[in-house]
Amino acid sequence: MTGIEVKIAKVINNNVISIYQADGAELVVMGRGIAFKKKPGDKVDETRIQKVFALKNKQTSDNFKMLLREVPMELIEIVEEIITYASENLGRKLNENIYVSLTDHINFAIERYREGVEIKNALMWEIKQLYKPEFELGLKTLEQINTRMNIELPPDEAAFIALHIVNAEMNEEVITTMNITKFIQQIINIAKYHFKMEFDEDSSVIFALSHI
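Below is a short write-up of the structure. (Residues numbered from 1 in each chain as written. Predicted model: local features only at pLDDT ≥ 70, side-chain atom pairs only at ≥ 80, totals over all residues. Heavy atoms only, no water.)

## Things to note about the overall build of the protein chain
Point 1. Helix and strand counts for the protein chain come out as 8 helices and 4 strands.
Point 2. When the elements of the protein chain are put in sequence order from the N terminus, they spell out β-β-β-β-α-α-α-α-α-α-α-α.
Point 3. By residue count, 45% of the 212 residues in the protein chain fall in the buried class.
Point 4. Across the protein chain, every contact between residues at least 6 apart in sequence was considered, and the portion connecting residues at least 24 apart equals 60%. (Helix = DSSP H or I, 4+ residues; strand = E, 2+ residues; numbered from the N terminus. Buried < 20%, exposed > 50% of the residue type's maximum accessible area, 1.4 Å probe, protein only. Contact = heavy atoms within 4.5 Å.)

## Here we look at the environment of Gly91
Point 1. Of note, Gly91 is situated in the loop between helix 2 (73–89) and helix 3 (98–114).
Point 2. Each C-alpha atom of the pair Gly91 and Glu169 lies 9.5 Å from the other, and the pair is 78 residues apart in sequence.

## Focus: the packing of helix 5 (residues 132–148) against helix 6 (residues 156–170)
Point 1. Close contact between helix 5 and helix 6 brings their axes to 7 Å; oriented N to C, the two are set at 125°. It follows from the interaxial angle that helix 5 and helix 6 lie oblique. Note on packing geometry: the crossing formed by helix 5 with helix 6 is right-handed. Counting all contacts with helix 5, which are made through Glu134, Phe135, Leu137, Gly138, Leu139, Thr141, Leu142 and Ile145, the residues of helix 6 involved are Glu157, Ala158, Ala159, Ile161, Ala162, Ile165, Val166 and Glu169.
Point 2. Here the contact of helix 5 with helix 6 is composed, by residue class, of 11 nonpolar, 2 polar and 3 charged. (Axes fitted to C-alpha atoms, helices over the stretch in contact; angles between N-to-C directions. Parallel < 35°, antiparallel > 145°, perpendicular 65-115°, else oblique. Left-handed = near helix turned anticlockwise from the far one by under 90°. Nonpolar A, V, L, I, M, F, W, Y, C, P; charged D, E, K, R; others polar.)

## So, the sheet that holds strand 4 (residues 51–53)
Point 1. With antiparallel pairing, 4 strands are arranged side by side in an open sheet as 1-2-3-4. Every other strand in the sheet has two partners, leaving strand 1 (10–13) and strand 4 as the edge strands with one partner each. Strand-to-strand twist in this sheet, taken as the mean axis angle between neighbours without regard to direction, amounts to 25°.
Point 2. When strand 1 meets strand 2 (residues 16–20), the two strands line up antiparallel, connected through 3 bridges. The residue bridging Val11 from the neighbouring strand is Ile17, located in strand 2. (Pairing = 2+ DSSP bridges.)

## Brief notes about the nonpolar core
Point 1. Counting residues in hydrophobic clusters, the biggest one holds 45 residues, and the most contacted among them are Phe53, Ile83, Leu102, Ile106, Ile110, Ile127 and Ile145.
Point 2. Among the elements of the structure, strand 3 (26–30), helix 1 (58–68), helix 2, helix 3, helix 4 (124–130), helix 5 and helix 6 are those that each provide at least two residues to this core.
Point 3. In contact with Ile110, not counting residues within four places along its chain, are Leu75, Ile145, Met149, Ile151 and Leu153.
Point 4. By size, the runner-up hydrophobic cluster in this structure holds 9 residues, among which are Ile8, Ile19, Ala35 and Val44. (Core = buried A, V, L, I, M, F, W, Y, C linked by side-chain atoms within 4.5 Å.)

## What about unusual backbone geometry?
Point 1. In the Ramachandran plot, Lys37 falls in the positive-phi region, its phi being about 60° despite a non-glycine side chain.
Point 2. One can find Lys37 in the loop between strand 3 and strand 4.
Point 3. A relative accessible area of 73% places Lys37 in the exposed class.
Point 4. Unlike most non-glycine residues, Asn150 shows phi in positive territory, near 55°.

## A look at the packing of helix 2 against helix 5
Between two packed helices, the angle of one axis relative to the other and the distance separating the axes together describe the packing.
Point 1. Packing of helix 2 against helix 5 leaves a shortest axis separation of 10 Å and a crossing angle of 160°. Relative to helix 5, helix 2 is oriented roughly antiparallel. Seen from above, helix 2 lies across helix 5 with right-handed handedness. Here Glu74, Glu77, Ile78, Glu81, Ile82, Tyr85 and Ala86 of helix 2 lie close against helix 5, whose contacting residues are Leu137, Lys140, Thr141, Gln144, Ile145 and Arg148.
Point 2. Of the residues contributing to the contact of helix 2 with helix 5, the split by class is 6 nonpolar, 2 polar and 5 charged.

## Some words on the side chain of Asn107
Point 1. Tracing the chain through its elements places Asn107 in helix 3.
Point 2. Its relative accessible area of 13% is what places Asn107 among the buried residues.
Point 3. Setting aside its immediate chain neighbours within four residues, Asn107 contacts Val71, Pro72 and Leu75.

## Regarding the side chain of Asn121
Point 1. Within the element layout of this structure, Asn121 appears in the loop between helix 3 and helix 4.
Point 2. Aside from chain neighbours lying at most four places away, what touches Asn121 is Ile127, Asp156, Ala159 and Phe160.

See the structure below:
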């Protein structure tokens, strides 16, 4: 990584380790088989490194490492890809806690699916209308999850994923983002009934309200 021999600080699972930088900051490093038959203090096989996570908040980093012990690497890869895509294409900085919240949500959604439990998203229509770019990203993510994990999560999950992205953009708790979404929809409904008009779903007014 730097030309200096890098050693493993912690083994999280066969595919994930942590290392320390010279300044004492901890990095989470992911790569298939990077920790196989390895222990703390062993040299890192840099040819196996696929992704390095530099999470600044210690609580977020600790929570992420806990998740990585249980979550399939395929899912981590999908989440990392979609966060990178969102950061580069939506034009907004995402709170790093999305690595925890989105990974945890999708992993739980997969568990519910395998148990035959389906959760409906009561804000499906609102999210689809108010957060179009994020919802489209949610659909792409859902397609990747279903294809690569060989499952069939319902379309409602695209809206849940979109909500987590919006939450990271707004740097708010998910419940706050949900309440804001409901409030915006109430404003739109009042305007529709008062002026007796329908808003185009692609209206710049709706987009502006949802991205204040």
